[in-house]
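Tertiary structure, described
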Amino acid sequence: MATLEDFRNERLRKLEELKKLGVETYPAHTERDTDIALVTTDFDKLEGKKVVVAGRIMAIRSFGKMAFLKLRDYSGEVQVFWANNASELGPEVGAALTASGPTQTLLLAQIGLLDTGDFVEISGLVGKTKTGEISVMAENVKLLTKTLRPLPGRDGFTNKEERYRRRYVDLNVNLDVRERFVRKSNFWTAVREFLNANGFVEMDLPVLEKTTGGADANPFVTHMEALDQDFYLRISHELPLKRLIGGGYERVYSIGARFRNEGMSDEHLPEHVAMEWYAAYWDWERGMQFTEEMVRFVADKTWGKRVFELENGRTIDLGKDGESYPRISFVGTIQERFGIDVFDTTLDEVKAKMKEHGVKLEESDSIGRGIDKLWKTVRTEIVGPAFLIDIPVFLQPLAKRSEKDPRLSEQFNLMLDGTEACKAYSELNDPIDQLERFNEQQALRDAGDDEAMMLDLDFVEMLEYGMPPTCGYGHSERLFWLLEGVSAREGSLFPPMR
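The rules behind the values
- Residues numbered from 1 in each chain as written.
- Predicted model: local features only at pLDDT ≥ 70, side-chain atom pairs only at ≥ 80, totals over all residues.
- Heavy atoms only, no water.
- Phe/Tyr/Trp six-rings, centres within 6.5 Å; stacked < 30°, edge-to-face > 60°.
- Lys NZ or Arg CZ within 6 Å of the ring centre and 35° of its normal.
- Disulfide = S-S within 2.5 Å.
- Pairing = 2+ DSSP bridges.
- Helix = DSSP H or I, 4+ residues; strand = E, 2+ residues; numbered from the N terminus.
- pLDDT = per-residue confidence, 0-100.
- Contact = heavy atoms within 4.5 Å.
- Buried < 20%, exposed > 50% of the residue type's maximum accessible area, 1.4 Å probe, protein only.
- Arc of directions from axis to C-beta.
- Polar contact = N/O pair within 3.5 Å; in protein donor to acceptor, adjacent residues only side chain to side chain.
- 1 Å grid on protein atoms, 1.4 Å probe; cavity = no way out; pocket = protein on both sides within 12 Å on 5 of 7 lines; lining within 4 Å.
- Points joined across faces, edges and corners; volume = space filled by probe spheres on them.
- Axes fitted to C-alpha atoms, helices over the stretch in contact; angles between N-to-C directions.
- Nonpolar A, V, L, I, M, F, W, Y, C, P; charged D, E, K, R; others polar.
- Core = buried A, V, L, I, M, F, W, Y, C linked by side-chain atoms within 4.5 Å.

Examining the packing of aromatic side chains
Evaluation of the coordinates by the stated rule reveals 20 aromatic pairs. Each member of the aromatic cluster is reached from another via a ring pair, and the members are Phe-194, Phe-200, Trp-277, Trp-282, Phe-290, Phe-297 and Tyr-473. Sitting above the plane of the Phe-231 ring, Lys-210 keeps its charged end 5.6 Å from the centroid. Above the plane of the ring of Trp-282 lies Arg-286, whose end atom (NZ or CZ) is 4.3 Å from the centre.

Details of the state of the cysteines
Under the counting rule described, the total for this entry stands at 0 disulfides. Among the cysteines around Cys-422, which has no disulfide bond, Cys-471 carries the closest sulfur, lying 9.5 Å off.

Comments concerning the sheet that holds strand 10 (residues 251-259)
What the 8 strands build is an open sheet, ordered 6-10-11-20-19-18-15-14; its pairing is mixed. A single partner strand is all that each edge strand has here, and the edge strands are strand 6 (201-202) and strand 14 (327-329). Bridge count between strand 14 and strand 15 (residues 386-389): 3 bridges; the pairing is parallel. Of the residues in strand 15, the one forming a bridge with Ile-328 is Leu-388.

Overview of the confidence of the model for the chain
If pLDDT is low for a region, its predicted coordinates should not be looked at in detail. Predicted confidence across the chain gives a mean pLDDT of 92, with 96% of residues reaching 70 or more. A low-confidence stretch, residues 86-91 stays under pLDDT 50, and its non-local contacts, those more than four residues away or across chains, total 13 contacts. In the predicted structure, residues 93-103 sits below a pLDDT of 50 and forms 16 contacts with residues beyond four places in sequence or in another chain.

A look at helix 14 (residues 457-465)
Within the span of helix 14, buried status applies to Phe-459, Val-460, Met-462 and Leu-463. Along the axis of helix 14, the buried positions cluster into a sector of 155 degrees, meaning they face one direction only. Across helix 14 from its buried face, at more than 90 degrees, point the exposed residues Leu-457, Glu-464 and Tyr-465. Against helix 8 (238-246) and helix 13 (431-446) lie the buried residues of helix 14. Among the residues of helix 14, the N-terminal cap falls to Asp-456, whose side-chain oxygen and the backbone nitrogen of Asp-458 are separated by 3.3 Å. Backbone geometry just after helix 14 places Gly-466 at a positive phi near 110 degrees.

Remarks on the environment of Leu-482
Within the element layout of this structure, Leu-482 appears in helix 15 (residues 478-484). We classify Leu-482 as buried; its relative accessible area is 9%.

Regarding the layout of surface pockets
Put simply, the second largest pocket is a space of about 470 Å³. Lining of the second largest pocket is provided by 16 residues; of these, Arg-149, Pro-150, Leu-151, Pro-152 and Val-169 occupy positions nearest its centre. Among the elements of the structure, helix 1 (4-20) and helix 6 (167-173) are those that each provide at least two residues to the lining of the second largest pocket.

Remarks on the sheet that holds strand 3 (residues 76-83)
Read once around its circumference, the closed barrel built from 5 strands follows the order 1-2-3-5-4, with strand pairing classed as mixed. Taking each pair of neighbouring strands and ignoring which way they run, the sheet shows an average axis angle of 55 degrees. Here 3 bridges tie strand 3 to strand 5 (residues 134-145), and the two strands are oriented parallel to one another. Paired with Gln-79 across the strands is Ser-135, a residue of strand 5.

Notes on empty space enclosed by the protein
Enumeration over the complete set of coordinates arrives at 1 cavity of 30 Å³ or more. Each pocket or cavity is described by its volume, and for the largest cavity that value is around 30 Å³. Together, Thr-212, Gly-213, Ala-215, Ala-217, Pro-219, Ile-235, Arg-445, Ala-452, Met-453 and Met-454 line the largest cavity. In the lining of the largest cavity, the residues fall into 7 nonpolar, 2 polar and 1 charged.

Some details on the environment of Gly-466
Following the sequence through the fold, Gly-466 ends up in the loop between helix 14 and strand 20 (470-476). Each C-alpha atom, one on Gly-466 and one on Pro-431, is 8.5 Å from the other, the two residues being 35 residues apart in sequence.

Topic: the pairing of strand 10
Among the 9 residues in strand 10, 7 count as buried, and that is most of the element. With 2 bridges joining them, strand 6 and strand 10 adopt parallel strand pairing. In the sheet register, Glu-202 faces strand 10, and the bridge partner there is Tyr-253. Relative to strand 11 (residues 271-280), strand 10 is paired through 9 bridges, and the arrangement is antiparallel. From the neighbouring strand, Arg-258 faces strand 11, where its bridge partner is His-272.

Topic: the nonpolar core
Formed by 44 residues in total, the largest nonpolar core has its most connected members in Leu-195, Met-275, Trp-277 and Leu-318. By residue number, the principal contributor to this core is helix 9 (residues 284-302), which donates 7 residues. When sequence neighbours within four positions are dropped, the list of residues in contact with Met-275 reads Trp-188, Val-191, Leu-195, Tyr-253, Ser-254, Ile-255, Met-294, Tyr-473, Gly-474 and His-475. If you look at the next biggest cluster of nonpolar residues, it comprises 28 residues, including Phe-43, Val-51, Val-53 and Val-136.

Here we look at the environment of Arg-407
Positionally, Arg-407 belongs in the loop between strand 16 (391-392) and strand 17 (408-409). The exposure class assigned to Arg-407 is partly exposed, which follows from its relative accessible area of 42%. Each C-alpha atom, one on Arg-407 and one on Thr-302, is 39 Å from the other, the two residues being 105 residues apart in sequence. Discounting residues that sit within four places of it in the chain, Arg-407 has contacts with Phe-343, Pro-392 and Val-393.

Shown next as structure tokens:
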């Protein structure tokens, strides 16, 4: 049985033979002037006209005096008819080729030196073969790239680990995967389109931060030689964007990678793309309305639908314009499911409930961290869409307190298929309150909680200069993964691998 090494050695032999014939095996230039898909879609306009197409050979069928190639570029596939003499092409096309005369870079007799996977340029007339197949009738065949490894068949490239490691092969073999990442690009384009249309300005933010914050997460650490100082890779876009609101902008957003040095799961990768927006003079109620509008707009633009049938049997219906999503109380859910009053409990009581429900205990777990872990065992049951509200202040150090109950934050999380697809809130702009919460977080961090936020005195100073009432929102590419119906690694081009 032939091995990959055998195939590679055979292709290397062909490469050397082509070089001996004087064929340039990796030329830099091509005369391509037509996308392959146009040969079919614009056949009425192109029939009988000369085109130059280029792409990867996906199939070769040789019959001595003639051969058929299946050629693919990004736009589509087309058949190439390659014959020794023009009479094989049919009377009309044959007469045209006879008049121009064959000037092939490669001769049909050399077809054995080509392999599936090779890139070639084909110039010739557009027509139909005797069987009625739309084809490019090869006049010149020019090698663009000689490949040394064969592409596996679709049925032979299904192992996930191999697909993720060799995504360049996956994208060639599994075209549905290739289209997924086109949709992912459309997803972020739609987000930008919606925000730009609503007066937001996209901002570039640093990835390296001296003090990082904006989320409960363990940061990555790197070192900058120029300053001989350690820096953190950002875990959030939040604090820089709010500094911009304090600087006088009223609607800003940023899209880019963020880094959280935590475990990997179907919902999370340590490196992922996220977007956050901030709007001055908005509160969380306006933010919820805007979120409904944005999610529906993005779904329309990306998938052309609002109802999603998930592989787990659940159905998510994003609803009609103007409809409001139901609201779920965090405090009420914890009380109902675990019998815990989040404002009147002890660490021992919380840990007992964690043990009872099989939740992993860690030495550094605080009351807040334990309650949050309990919540995560419940949220998987919520199909959504729904907004999670009534979230305690001690779980959100950056959100404004509720005017109705100062123990609660004005925060909402969009719940979809058992996960929090976004987080948003009325931003805390009281510098004294913010400093107190930062100090509480720093105490937790000093006690061993690596995910607690750092004390950011510069941010507090910005608040002392003044920041208007503001609503902030963030979602990561998890929202795309969820609606696309894929895991985090399946929905990322180059996921981290062991």
